[in-house]
Protein chains: 2
Amino acid sequence: MRTVAKQAGVSYQTVSRVINEASGVAPETRSRVLTAMRELGYRPSLAARSLARNRTEIVGLVLPSSVDLTFADAHLLQMVGGVDRGVSDNDYSTLLASPKESEPVLSAFRRLVRQRTVDGVLIEAGMGEEGVALLVDAGYPVTVIGHTSLDVPSVRPDDESGAYVAMQHLLALGHRRIALIGSENPGNLAVAARRSGCDRALADAGLALDMSLVERGEWTIASGRAATERLLDLPAPPTAVFAFNDSMAIGTLQVARERGIEVPRQLSVLGFDDTPSAALLTPALTSVRVFSAEQGERAARTLIGILRGMTPPSSPVILPSQLVVRSSTAPLTR
Amino acid sequence: MRTVAKQAGVSYQTVSRVINEASGVAPETRSRVLTAMRELGYRPSLAARSLARNRTEIVGLVLPSSVDLTFADAHLLQMVGGVDRGVSDNDYSTLLASPKESEPVLSAFRRLVRQRTVDGVLIEAGMGEEGVALLVDAGYPVTVIGHTSLDVPSVRPDDESGAYVAMQHLLALGHRRIALIGSENPGNLAVAARRSGCDRALADAGLALDMSLVERGEWTIASGRAATERLLDLPAPPTAVFAFNDSMAIGTLQVARERGIEVPRQLSVLGFDDTPSAALLTPALTSVRVFSAEQGERAARTLIGILRGMTPPSSPVILPSQLVVRSSTAPLTR
DNA sequence: CTGAAAGCGCTTACAG
DNA sequence: CTGAAAGCGCTTACAG
């Protein structure tokens, strides 16, 4: 910076002003400085700037480490892409923070706090609320991507109405024995919202959920398979299965095929998330799309807005979800 | 730091020594300092440290922005996961750098250079060589993930032998009219390597490639479809199609189904990359697995090794690829 | 509109 | 083994 100042014949403070586009620099001086900067290939030091201003213009992004990074995480990839778009469009940068393989989940949060290298943090809801609380206590502005029970800004899909519309779709096709996979997980707010959307659709039709058809899943293909085996072994098996994510729906599709049950003629299957694989399955899976990239981008914009002094949204930002009807659901034929 | 020093009854330089685990601190002093740090919840400032030491312990990761973040990018997600694992295991952090939607690709590299916020850069080969050169010229240590013609460290899959084994598989099944999709792209080194693996397998069998069966693809499902349409319209259509990625193979699968051609009975289909969707297709796709996460992790370790003063590997680090045989390939029946 | 001063929180030789 | 000094490259009031 000194060199630039010398070359332009001004003090280095003036150079600083030019860089920060502060007002109060004579146009002529300004252009002289800019020329000098260009000629010398000057690049300001982010570190020095951060130190002096006490902020880095970097936001952290905490992600589950996903030991098995299977296609189920297509959602994650899209979210990351969206986040980075929102972040870089605002001239911030994104620092990744996922827990090391060997460490407990909270360590990723601790490291972030310890290093003081970010101005704020975006947190994928799957990381749990404990970490969020830890960051908030450390004084970081945060935004959660997904459901949270804490009083922090968040961006999430409309799970309730997504499930509502999906359930309505199955009811309109004539299904009455409708199984759910993925419920019963008490702490999971997304599940609770989807569950309540289902209940509302049923209530609207004057029906109620048959609890014997509600299975617990673990979001994996394997757990979808296991749940489906149990459901199909029932004396009166369901005519439709609504799985709370696509992976479990894939498990259902697989088991149905193995048992020679035709989808959708004998069994309708509905997923959630609309991962890119959904369209490629046979039959192509009807699913609820959640717009992961948009969530990420919106969360990034929200956080950076807060960092820039805007008042945080007082309630969660809810992005619409959308039922995508494909070939795995059909009218009841029996 | 001053406060900690005061509380521990030492000078702040001693605190610095403790933090940096420098030798030459009396054990007793050391523990006093550590206690004070803990009591005060002291966290060193990365910015100050970076400024004083002239390094940040952050590495940049340049990724294609992927306007359509489809499942084809499962490879990318796994790579990012691997990178972050390799990076954080070494106590560095990963800064994402993808071009903004509105900008030319090179802008992402320029921004990285301009901000001086990383010590080194990992570059996905898909970003082109121009950006790599730009960073090298700016003095950054870099490591490329994928093929590069530049003289920089790189980590990539063994495309040649992957294609060789895949081709051998098709030949062993009795196929002779084997089509290739994805070739003819002159600049793409991965394609060239795969192509030469194919040629070698054919030569080993005393055969040569039938150029009328070589189609150009653009890595998308749509381009795979288009290429397949052309191939199947040929007077003597192929009995097997080897697509140079899974997306194009999916295109082939789709067109075959639409035309009532049974895979694998009437047509064998082989992909490349072994994306997570491959196993979920009907029929499940035979493909060449490339271990994306391992590539990312290895590249991260390589780069950080260089940053720590190790001599860079003089030739590309080549990770084995592996043929995964599923249900889309079968012996020739006609 | 521009310059001089102080300070951001560390590290790195250099003394002792 | 530990302290005093200088410096990393900026920004931010404060004068003028």
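Only a predicted model underlies this, so the values are computations on that prediction, with no experimental measurement involved.

Attention now moves to the relation of the copies chain A and chain B. Of the two same-sequence chains, chain A is brought onto chain B (RMSD 0.1 Å, axial shift 0.0 Å) by a rotation of 180 degrees. Put plainly, the chains are arranged around a two-fold axis. Interface residue correspondence from chain A to chain B reaches 100%, placing this contact among same-surface, isologous pairings.

In space, the twelve strands of this open sheet follow the order β11(A)-β5(A)-β4(A)-β3(A)-β1(A)-β2(A)-β2(B)-β1(B)-β3(B)-β4(B)-β5(B)-β11(B), with mixed pairing throughout. Every interior strand has two partners, whereas the edge strands, β11 (317-319) of chain A together with β11 (317-319) of chain B, have only one. Sheet twist, expressed as the average angle between the axes of neighbouring strands with direction ignored, equals 20 degrees. Bridge count between strand β5 (residues 154-157) of chain B and β11 of chain B: three bridges; the pairing is parallel. By the bridge assignment for β11 of chain B, Pro157 of chain B is matched with Leu319 of chain B.

With 46 residues of chain A at the interface, the matching set in chain B holds 46 residues. At the boundary of chain A with chain B, total buried surface from both sides reaches about 4100 Å², with 59% on carbon and sulfur atoms. Ranking the residues of chain A by area buried against chain B places Arg43, Leu77 and Leu280 of chain A at the top, with a combined share of 17%. Scanning the region where chain A abuts chain B turns up zero salt bridges. Our enumeration of links across chain A and chain B arrives at nine residue pairs in polar contact (both at pLDDT 80 or more). Mapped onto the side of chain A that touches chain B, the elements with two or more residues apiece are α4 (46-53), α5 (74-89), β2 (93-97), α6 (106-115) and α11 (246-258) of chain A. Here the side of chain A that touches chain B gets eight residues from one element, more than from any other, and that element is α5 of chain A. Along the lines of polarity and charge, the residues of the side of chain A that touches chain B split into 20 nonpolar, 14 polar and twelve charged. Sheet topology places β2 of chain A next to strand β2 (residues 93-97) of chain B; three bridges connect them, and they run antiparallel. By the bridge assignment, Leu96 of chain A is partnered in β2 of chain B with Thr94 of chain B.

What follows covers the sheet that holds strand β6 (residues 178-181) of chain B. All names here are of chain B. If you trace the six strands from one edge of the open sheet to the other, you get β7-β6-β8-β9-β10-β12, paired in mixed fashion. Both outer strands of the open sheet, β7 (214-215) and β12 (322-324), are each paired with one neighbouring strand and no more. The sheet contact formed by strand β10 (residues 286-289) and β12 spans three bridges and is antiparallel. Its bridge partner being in β12, Arg289 is matched across the sheet by Gln322. Seen against the sheet, helix α11 (residues 246-258) touches β6, β8 (240-243), β9 (268-273) and β10 and runs at an angle of roughly 160 degrees to β9.

A few words on helix α7 (residues 129-137) of chain B. All names here are of chain B. Buried within α7 are the following residues: Gly131, Val132 and Leu135. The arc that holds every buried residue of α7, seen down its axis, measures 105 degrees, which confines them to one face. Opposite its buried face, α7 presents the exposed residues Glu130 and Asp137, each directed more than 90 degrees away. Next to the buried residues of α7 lie α6 (106-115), β3 (120-124) and β4 (142-145). Note on α7: the residue one or two positions beyond its end, Gly139, has a positive phi of about 95 degrees.

Turning our eyes to something else, we now look at the nonpolar core. The biggest cluster of nonpolar side chains holds 41 residues, and the ones touching the most others in it are Met167, Leu180 and Phe242 of chain A. Elements supplying a minimum of two residues to this core: α8 (159-172), β6 (178-181), α9 (189-204), α10 (221-232), β8 (240-243), α11 and β9 (268-273) of chain A. With six residues, the single largest contributor to this core is α8 of chain A. Discounting chain neighbours no more than four positions away, the residues touching Met167 of chain A are Ile178, Leu180, Cys198, Ala201, Leu202 and Leu209 of chain A. By size, the runner-up hydrophobic cluster in this structure holds 40 residues, among which are Val191, Cys198, Ala243 and Met248 of chain B.

Residues and elements named next belong to chain A. With respect to the helices, strands and loops of the structure, Glu294 is situated in helix α12 (residues 292-307). Taking relative accessible area as the criterion, Glu294 reaches 41% and is therefore assigned partly exposed. For the pair formed by Glu294 and Pro157, sequence separation is 137 residues and the distance between their alpha carbons is 9.6 Å.

All names here are of chain A. Taken domain by domain, chain A comprises domain 1 (2-53), domain 2 (58-157 + 292-319) and domain 3 (159-290). Relative placement of domain 2 and domain 3: their C-alpha centres are 29 Å apart. Counting residues at the interface gives ten residues for domain 2, matched by eleven residues for domain 3. Roughly 920 Å² of surface becomes buried between domain 2 and domain 3 when both sides are summed, with 66% attributable to carbon and sulfur atoms. Summed over the shared surface of domain 2 and domain 3, the number is zero salt bridges. Counting the contacts that link domain 2 with domain 3 gives three residue pairs in polar contact (both at pLDDT 80 or more). For the side of domain 2 that touches domain 3, the secondary structure elements donating two or more residues are α5 and α12.

Looking now at the environment of Pro44 of chain B. On the secondary structure map, Pro44 of chain B appears in the loop between α3 (27-40) and α4 (46-53). Measuring from C-alpha to C-alpha, the distance between Pro44 of chain B and Arg265 of chain B comes to 65 Å, with 221 residues separating the pair along the chain.

Turning to the packing of α6 of chain A against helix α7 (residues 129-137) of chain A, a few remarks are in order. Residues and elements named next belong to chain A. Running from N to C, α6 and α7 cross one another at 15 degrees; their axes reach a closest spacing of 9 Å. Taken as axis vectors, α6 and α7 run roughly parallel relative to one another. Here α6 and α7 pass one another in a crossing that is right-handed. Packed against α6, whose contacting residues are Leu106, Phe109, Arg110 and Val113, the element α7 presents Glu130, Gly131, Val132, Leu134 and Leu135 at the interface. The class makeup of the residues in the contact of α6 with α7 is six nonpolar, one polar and two charged.

We now examine the protein's contact with DNA strand C. Around DNA strand C, the structure places 27 residues, and the nearest of them are Gln13, Arg17 and Thr29 of chain A together with Ser16 and Asn20 of chain B. Per the 4 Å cut-off to the protein, sugar and phosphate atoms form 61% of the nearby atoms of DNA strand C. Within the contact set of DNA strand C, a base oxygen lies 2.5 Å away from a side-chain nitrogen or oxygen of Arg17 of chain A. Here Arg49 of chain B contributes a side-chain N or O atom positioned 3.5 Å from a phosphate oxygen of DNA strand C. Those elements that provide at least two residues to the surface near DNA strand C are α2 (12-19) and α4 of chain A together with α2 (12-19) and α4 of chain B. By residue number, the principal contributor to the surface near DNA strand C is α4 of chain B, which donates five residues. The class makeup of the residues in the surface near DNA strand C is twelve nonpolar, nine polar and six charged.

Calculation rules
- Residues numbered from 1 in each chain as written.
- Chains lettered and ligands numbered in written order.
- Predicted model: local features only at pLDDT ≥ 70, side-chain atom pairs only at ≥ 80, totals over all residues.
- Heavy atoms only, no water.
- Least-squares fit on C-alpha atoms with pLDDT ≥ 70 in both.
- Contact = heavy atoms within 4.5 Å.
- Pairing = 2+ DSSP bridges.
- Helix = DSSP H or I, 4+ residues; strand = E, 2+ residues; numbered from the N terminus.
- Axes fitted to C-alpha atoms, helices over the stretch in contact; angles between N-to-C directions.
- Buried area = accessible area lost by both parts, 1.4 Å probe.
- Salt bridge = Lys/Arg side-chain N within 4 Å of Asp/Glu carboxyl O.
- Polar contact = N/O pair within 3.5 Å; in protein donor to acceptor, adjacent residues only side chain to side chain.
- Nonpolar A, V, L, I, M, F, W, Y, C, P; charged D, E, K, R; others polar.
- Buried < 20%, exposed > 50% of the residue type's maximum accessible area, 1.4 Å probe, protein only.
- Arc of directions from axis to C-beta.
- Core = buried A, V, L, I, M, F, W, Y, C linked by side-chain atoms within 4.5 Å.
- Domains from an automatic or database assignment.
- Parallel < 35°, antiparallel > 145°, perpendicular 65-115°, else oblique.
- Left-handed = near helix turned anticlockwise from the far one by under 90°.
- Near = heavy atom within 4 Å.

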